[in-house]
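# Coordinates in review
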Amino acid sequence: MTAAPFAKGLAPGLYAITDSTLLPDDKLVPTVEAALRGGAVMVQYRDKSGSAVTRLNQARNLLAACRNAGIPLIINDDPELAQRVGADGVHLGQSDSSLIDARQRLGDGAIIGATCHGDLTLAAKATGEGADYLAFGRFFGSATKPDAPPADFSVLASARQYKRPLTAIGGITTGNGSALIQAGADMLAVVGDLFDGNPEYTERQAREFSRLFAAHHPLFQPRKNIHDTLSNHQEP
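Thresholds applied
- Residues numbered from 1 in each chain as written.
- Predicted model: local features only at pLDDT ≥ 70, side-chain atom pairs only at ≥ 80, totals over all residues.
- Heavy atoms only, no water.
- Salt bridge = Lys/Arg side-chain N within 4 Å of Asp/Glu carboxyl O.
- Helix = DSSP H or I, 4+ residues; strand = E, 2+ residues; numbered from the N terminus.
- Contact = heavy atoms within 4.5 Å.
- Buried < 20%, exposed > 50% of the residue type's maximum accessible area, 1.4 Å probe, protein only.
- 1 Å grid on protein atoms, 1.4 Å probe; cavity = no way out; pocket = protein on both sides within 12 Å on 5 of 7 lines; lining within 4 Å.
- Points joined across faces, edges and corners; volume = space filled by probe spheres on them.
- Nonpolar A, V, L, I, M, F, W, Y, C, P; charged D, E, K, R; others polar.
- Arc of directions from axis to C-beta.
- Polar contact = N/O pair within 3.5 Å; in protein donor to acceptor, adjacent residues only side chain to side chain.
- Core = buried A, V, L, I, M, F, W, Y, C linked by side-chain atoms within 4.5 Å.
- Pairing = 2+ DSSP bridges.
- Axes fitted to C-alpha atoms, helices over the stretch in contact; angles between N-to-C directions.

### Things to note about the pattern of salt bridges
For the coordinates displayed, the defined rule picks out nine salt bridges. Note that glutamate 203 and arginine 37 form a salt bridge whose closest N and O atoms lie 3.1 Å from each other. Separated by 166 residues along the polypeptide, glutamate 203 in helix α9 (residues 199–216) and arginine 37 in helix α1 (residues 25–37) bring together distant segments of the chain. A salt bridge links glutamate 208 to arginine 211, with the nearest nitrogen and oxygen atoms 3.0 Å apart.

### Topic: the side chain of arginine 46
Position of arginine 46 among the secondary structure elements: in the loop between β2 (42–45) and α2 (52–69). Excluding residues within four positions of it along the chain, arginine 46 makes contact with Ile17, Thr18, Asp19, Ser20, Asn76, Thr144, Lys145 and Val191.

### Quick notes on unusual backbone geometry
For the peptide bond that leads from glycine 137 to arginine 138, omega is 25°, which places it in the cis range. The phi dihedral of lysine 8 is positive, around 60°, even though this residue is not glycine. Here lysine 8 falls in the partly exposed class, since its relative accessible area comes to 34%. Look at lysine 163: it is not a glycine, yet its phi comes out positive at around 55°. Looking at the element boundaries, lysine 163 is found in the loop between α6 (154–158) and β7 (166–169). Its relative accessible area of 53% is what places lysine 163 among the exposed residues.

### Notes on the layout of surface pockets
Unoccupied space between atoms shows up once a probe the size of one water molecule is rolled over them. Considering only enclosed or pocket space, the largest pocket measures out at about 590 Å³ in volume. Along its surface, the largest pocket is lined by 37 residues, and Arg46, Ser142, Thr144, Lys145 and Ile169 are the ones closest to its centre. If you list the elements that add at least two residues to the lining of the largest pocket, you get β1 (13–17), β6 (133–136), β7, β8 (187–190) and α8 (192–195). Partitioning the lining of the largest pocket into residue classes produces twelve nonpolar, 17 polar and eight charged. In this structure, the second largest pocket spans a volume of roughly 190 Å³. Around the second largest pocket, the lining is made up of 13 residues, and of these Gly93, Gln94, Leu99, Lys125 and Glu129 lie nearest the centre. Of all the elements in the fold, those that place two or more residues in the lining of the second largest pocket are β5 (111–115) and α5 (120–128). Taken together, the residues that form the lining of the second largest pocket break down as five nonpolar, five polar and three charged.

### A look at α5
By the burial criterion, the buried members of α5 are Ala123, Ala126 and Thr127. Looking down the long axis of α5, one finds its buried residues gathered within 100° of arc, a one-sided arrangement. Structural note: α5 exposes Thr121, Lys125 and Gly128 on the side pointing more than 90 degrees away from its buried face. Among the structural elements, α4 (99–106), β5 and β6 are those in contact with the buried residues of α5. The backbone nitrogen of threonine 121 lies 2.8 Å from a side-chain oxygen of the residue at the head of α5, namely aspartate 119.

### Regarding the nonpolar core
Among the nonpolar cores identified, the biggest contains 57 residues, and Leu73, Leu134, Phe136 and Leu188 are the most heavily contacted of them. Broken down by element, the residue count for this core peaks at six residues, all from α2. When sequence neighbours within four positions are dropped, the list of residues in contact with leucine 134 reads Ala114, Cys116, Ala123, Ala126, Thr127, Tyr162, Arg164, Pro165, Leu166 and Thr167. Grouped together as the second largest cluster of nonpolar side chains are eleven residues, Ala135, Met187, Ala189 and Val191 included.

### A word on the sheet that holds strand β4 (residues 89–92)
Spatial ordering of the closed barrel is given by β1-β2-β3-β4-β5-β6-β7-β8, a layout of eight strands whose pairing is parallel. Each neighbouring strand pair of the sheet contributes to a mean axis angle of 25°, computed without reference to strand direction. Looking at chain direction, strand β3 (residues 73–76) and β4 are connected through three bridges and run parallel. Each residue of the ladder has a partner; that of asparagine 76, found in β4, is histidine 91.

Encoded structure:
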């Protein structure tokens, strides 16, 4: 695996993505905090169903939790909200805001990720426009985005040419995640297999994803609060 440059707080590991259908308002922050305790290296706030006031308050509360853990908070598809709350960056899909416009709004220090599906042409365009990481998928059947186009594992190896951290998304579980890391993924973006349960379940799942990275990614460095747990439970 050729090392990708990591900057702006990006690191190999679990990328936790929220879902308002799985996380009601009163469970959102406690469950994300559980993912952080389990070793998540980045959090994305994704909620297109709530009111503007609700989304603003939730984003602020999540930012406080992420700041406390020293982990970046990314806002899905909304550079304006990211700027308003002072989040670390934004993730943009192909039908969302322009990456160039988002960069102008958020500045050079912001993390901006781009959805590339399974398309290297989209990856090349996003890289040229200054994306900080590239997201590929879906790699497996996804309940969150069942109509997303499928991606082949080989796109991860091919995308190494862009020298950006690579995120895999789409139906990822603790059972299939190691194959994606071995194929070249630097981050695994997970929704259902992380948040489809209570906070205790989420923390256990996050620790298991962290173990996959400890076993298979050469640049993974477990956060201090989970180091002892991982060192005692390495994947064979």
